[in-house]
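Reading the structure
This is what each chain is made of:
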Amino acid sequence: MKKEINKDNNNNNNNSKNNNKNNNNNNNNTNNNKNKILKKNENNKSLKVISSNTNKNILNSFKEEKIENNNNNQLLIQKQNREREDITNEEDDEKYNLWNPKPISSSSTSSTSSKSLETTELQNEMSEKLKGSRFRWLNETLYTSHSKEAFKEFSEDRSLFDQYHSGFKSQVESWPINPLDLIIEDLSSIKQRKRIADLGCGEAKLAERLQHKHSIQSFDLVAINERVTACDISSLPLKNESIDIAVFCLSLMGTNFIDFIVEAERILVKGGLLKIAEIESRITDINAFTNEIQQHGFNLIKKNEKNQYFTLFEFSKLQKKDGQFMKSLKQYQKLKKQQSNHDPVLKPCLYKKR
């Protein structure tokens, strides 16, 4: 009995030891788990710190790159602005040199030529536009001014006439036909030598090409060469009835162009020819135009309307102005006075404002 009791006590003691051992193991496991959790948390914190630092570095890098890009953009804009200023300055110089050329001294010629730059396409385009606009302004001025005013203006500044005829030559190059060529062809067919007055002659091309065949005198606002006599066309330095043929090729310009017709009638011999070439668009009424010319002592012989741009007329001076003519002239002048507000028989060439 006593032995059994002892045996039970021993078993209990052993169980107690085992329980203690298990408890210790459990405690150890718990501690181990806590340590693992703590270590994991510490690792996570480290990762967060690293991640945060990495993000900050990336952001800083982006900011630095953005600043650098902005700086580059500003430098590029500044460079483009400088280039635009350089082009503008060159264009301004081109404008000035085109219409107000400066004299170049001989000492600076060699250095200037060695440093000269090739003209750009932009400058060429600008130069052509300036020439075109200058020609249009001069052309319009001639059409809307009295011939005495134009003669005075061009006499005081010869360069105006040079600029006008430079622009005129450029215009003619684009025409399908030059009416002066038709007049020259017609005059060259006349076998007998004639005394011809080219009124508003420009460069006197008619005299240049027909001087071997006819006796030709050329008149314009400025003597552009030795063949030309400078004058106001309404007051020619010619004697009465001293010319066989008078020519107006696109030269009935000025608000007083009828005075040119009166002057042509004065210098022409009886039966002399008056040849006129005019822009078709200027003629408001072709019958009114021919009537206007005839009322100043001419008869219409023929007209050529085959060309869509120009109309050519040929009149002859009346052999004598009889009573019937003078009566008709007075009636016409009275009627014209009553219709003074109507469109003129020749419109001036005006350009649209740009």
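This one's a predicted model, so the numbers in the text were calculated from it and none came from an experiment.

Let's talk about the overall build of the protein chain
A tally of regular secondary structure across the protein chain gives 10 helices and 7 strands. Residues classed as buried in the protein chain amount to 31% of the 354 residues present. Taking all contacts inside the protein chain whose residues are at least 6 apart in sequence as the whole, residues at least 24 apart take part in 67%. Accessible surface, the protein chain as shown: approximately 24100 Å² in total, 47% of it carbon and sulfur.

Here we look at the pattern of salt bridges
Pairs can form between side chains of opposite charge whenever their charged atoms are close. Scanning all chains against the criterion turns up 17 salt bridges. The partner of Glu265 in a salt bridge is Lys317, with the nearest N and O atoms 3.8 Å apart. Placement of the pair is Glu265 in helix α8 (residues 257-267) and Lys317 in strand β7 (residues 310-317), with a sequence separation of 52 residues. This pair shows no difference in class: Glu265 is buried, exactly as Lys317 is.

A closer look at the side chain of Glu278
Mapped onto the elements, Glu278 comes out in strand β5 (residues 268-279). Looking at Glu278, its side chain comes within polar contact range of the side chain of Arg282, at 3.3 Å. Contacts of Glu278, omitting those with residues within four sequence positions, involve Leu250, Leu252, Ile283, Tyr309, Phe310, Thr311 and Leu346.

Here we look at the environment of Leu206
With respect to the helices and strands, the residue Leu206 is situated in helix α7 (residues 205-210). Taking relative accessible area as the criterion, Leu206 reaches 0% and is therefore assigned buried. Note: C-alpha distance between Leu206 and Ile184 (22 residues apart in sequence) is 6.5 Å.

Considering the nonpolar core
Ranked by internal contacts, the top residues of the largest apolar core, which has 29 residues, are Phe248, Leu252, Leu274, Ile276 and Phe289. Taken together, the elements giving at least two residues each to this core come down to β1 (195-199), β4 (243-249), α8, β5, α9 (286-294) and β7. The contacts of Leu274, once residues within four sequence positions are left out, are Ala246, Phe248, Ile261, Ala264, Leu268, Ile293, Phe298, Phe313, Glu314 and Phe315. If you look at the next biggest cluster of nonpolar residues, it comprises 21 residues, including Ile196, Cys201, Leu206 and Ala277.

Notes on the sheet that holds strand β6 (residues 298-304)
Read from one edge to the other, the open sheet built from 7 strands follows the order β3-β2-β1-β4-β5-β7-β6, with strand pairing classed as mixed. Of all strands in the sheet, those bounded by a partner on one side alone are β3 (228-230) and β6. Averaged over all neighbouring strand pairs, the angle between strand axes comes to 20 degrees, with direction disregarded. Sitting on the sheet, helix α6 (residues 179-188) touches β1, β4, β5 and β7, and the angle it makes with β4 is about 160 degrees.

Here we look at helix α5 (residues 158-173)
The end-to-end C-alpha separation of α5 is 23 Å, in line with the 22 Å expected for 16 residues at 1.5 Å each. Burial in α5 covers these residues: Leu160, Phe161, Gln163, Tyr164, His165, Gly167 and Val172.

Topic: the packing of aromatic side chains
Inspection of the entire model under this criterion finds 9 aromatic pairs. Ring geometry for Tyr309 and Phe310: centres 6.5 Å apart, planes at 55 degrees, overall tilted. Owing to a relative accessible area of 5%, Phe310 belongs among the buried residues under this scheme. Aromatic ring contacts, followed pair by pair, group Phe135, Tyr164, Phe168, Trp175, Tyr309 and Phe310 into a single cluster.

Some points on the pairing of β4
Among the 7 residues of β4, 7 are classified as buried, and the element is accordingly described as predominantly covered. Where β1 meets β4, 3 bridges bridge the pair, whose relative direction is parallel. Paired with Asp198 across the two strands is Val247, which belongs to β4. Once the chain exits β4 it traverses α8 before rejoining the sheet at β5, and the crossover so formed is right-handed.

Some thoughts on the state of the cysteines
Scanning all chains against the criterion turns up 0 disulfides. For Cys201, which is in no disulfide, the shortest distance to another cysteine sulfur is to Cys231 and amounts to 8.7 Å.

Details of the environment of Glu156
Following the sequence through the fold, Glu156 ends up in helix α4 (residues 147-156). Relative accessible area serves as the criterion here: at 58%, Glu156 is assigned to the exposed category. Engagement of the side chain of Glu156 in a polar contact is seen with the side chain of Lys152, the distance being 2.9 Å.

Remarks on the pairing of β6
Two strands pair when backbone bridges link them, and β6 and β7 are joined in this way by 6 bridges, in the antiparallel orientation. Within β7, the position partnered with Lys302 by the bridge is Glu314. Here β6 hands over to β7 after 5 residues, the two strands then running antiparallel side by side.

Here we look at α9
Every buried residue of α9 is accounted for by Ile286, Phe289, Thr290, Glu292 and Ile293. Across the axial projection of α9, the buried residues extend over an arc of 155 degrees, all falling on one side. You can read the cap of α9 off the contacts: a side-chain oxygen lies 3.0 Å from the backbone nitrogen of Asn287, and it is on Asp285.

Re the side chain of Ser316
Secondary-structure assignment places Ser316 in strand β7. The buried category is assigned to Ser316, whose relative accessible area is 15%.

The rules behind these values
- Residues numbered from 1 in each chain as written.
- Predicted model: local features only at pLDDT ≥ 70, side-chain atom pairs only at ≥ 80, totals over all residues.
- Heavy atoms only, no water.
- Helix = DSSP H or I, 4+ residues; strand = E, 2+ residues; numbered from the N terminus.
- Buried < 20%, exposed > 50% of the residue type's maximum accessible area, 1.4 Å probe, protein only.
- Contact = heavy atoms within 4.5 Å.
- Areas by Shrake-Rupley, 256 points an atom, 1.4 Å probe, with all protein chains shown as cover.
- Salt bridge = Lys/Arg side-chain N within 4 Å of Asp/Glu carboxyl O.
- Polar contact = N/O pair within 3.5 Å; in protein donor to acceptor, adjacent residues only side chain to side chain.
- Core = buried A, V, L, I, M, F, W, Y, C linked by side-chain atoms within 4.5 Å.
- Pairing = 2+ DSSP bridges.
- Axes fitted to C-alpha atoms, helices over the stretch in contact; angles between N-to-C directions.
- Expected span 1.5 Å × (residues − 1).
- Phe/Tyr/Trp six-rings, centres within 6.5 Å; stacked < 30°, edge-to-face > 60°.
- Right-handed = clockwise from strand over helix to strand, strands pointing away.
- Disulfide = S-S within 2.5 Å.
- Arc of directions from axis to C-beta.

Functional significance is not addressed by these values, which are geometric in nature.
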